[in-house]
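Analysis of the macromolecular model
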Amino acid sequence: ELLKERRLDYDVRLGGLDLEEAVVVDGDEGEVQQVVTNLLINAIDAMERGGTLSCRLTSNERWIWLTVEDTGPGIPKDVVARMFNPFFTTRATGTGLGLSITYGLVTEMGGHITVESQVGQGTRFTITVPLQHDPDNRGPQDDDPEKDESP
């Protein structure tokens, strides 16, 4: 519903969504939906004059990566350093909780989130979350996603 309220002056590109089988992560559907929604809303809002929003979903046998990239104005380094802090915002409206909540949910799922941004060149968020594999519904606890090939 929140996405329907946003103006849609942008191109959307989806890639890597042809996973051969369903993937399961350690998080409930509502949490996963909130993470994705928060990233999409931020990307859309960043592109005030339109632009391109790209989403890519990839996985291997242990990890899943969701990348959300926009062609907005980019984020200064001093803001990137604080953007996951609760109540931090650079906008005139909003609570400053979206990215803080997103960070917390991703961490609870055993994953992490990274940000790449340059002023004038857009922003890329990458969520890395372990896939569930064992009967106890736990992901690869001791694995390091940085050692695996990421998107």
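Residues numbered from 1 in each chain as written. Predicted model: local features only at pLDDT ≥ 70, side-chain atom pairs only at ≥ 80, totals over all residues. Heavy atoms only, no water.

**A short note on the environment of Thr37**
Our working definition: We count a stretch as a helix when DSSP gives it H or I for four or more residues in a row; a strand needs E for two or more, and each element gets its number in order from the N terminus.
As for its position among the elements, Thr37 is in helix H2 (residues 29-46). Measuring from C-alpha to C-alpha, the distance between Thr37 and Gly98 comes to 9.3 Å, with 61 residues separating the pair along the chain.

**Here's the deal with the confidence of the model for the protein chain**
The predicted coordinates ought not to be read in detail in places where the model reports low pLDDT. Threshold: A residue's pLDDT is the confidence the predictor assigns to it, expressed on a 0 to 100 scale. Any two residues whose heavy atoms approach within 4.5 Å are treated as being in contact.
Counting all residues, the mean pLDDT for the protein chain is 78, and 72% of those residues have values of 70 or more. Long-range and interchain partners of residues 134-142, a stretch whose pLDDT sits below 50, account for 13 contacts in this model, where long-range means more than four residues apart.

**Re the nonpolar core**
Note on soluble globular proteins: their nonpolar side chains tend to be buried together. Note the cut-off: What makes a nonpolar core is a set of buried Ala, Val, Leu, Ile, Met, Phe, Trp, Tyr and Cys residues whose side-chain atoms join them at distances within 4.5 Å. Only protein chains enter the accessibility calculation, which uses a 1.4 Å probe. A residue is then buried if its area is under 20% of the maximum for its type, exposed if over 50%, and partly exposed in between.
Core analysis: the biggest nonpolar cluster contains 27 residues, and Leu39, Leu53, Val68, Phe125 and Ile127 have the highest contact counts within it. At five residues, H2 tops the list of elements feeding residues into this core. In contact with Phe125, not counting residues within four places along its chain, are Leu39, Leu66, Thr67, Val68, Met83, Phe84, Leu99, Ile113, Thr114 and Val115.

**Re the packing of H2 against helix H4 (residues 98-108)**
For the record, the criterion: Fitted lines through C-alpha atoms give the axes, limited to the stretch in contact for helices. The angle between two N-to-C directions lies from 0 to 180 degrees. Helix crossings are classified by the rotation of the near helix relative to the far one: an anticlockwise turn of less than a right angle makes the crossing left-handed, while a clockwise turn makes it right-handed. Residue type decides the class: Asp, Glu, Lys and Arg count as charged, Ala, Val, Leu, Ile, Met, Phe, Trp, Tyr, Cys and Pro as nonpolar, and the leftover types, Gly among them, as polar.
Where H2 contacts H4, the two axes come as close as 9 Å, and the packing angle between them is 140°. Considering how the two elements wind past one another, H2 and H4 form a crossing that is left-handed. Residues Glu31, Gln34, Val35, Asn38, Leu39 and Asn42 of H2 form the contact with H4, whose participating residues are Gly98, Leu99, Ile101, Thr102, Leu105, Val106 and Glu108. In terms of residue class, the contact of H2 with H4 is built from six nonpolar, five polar and two charged.

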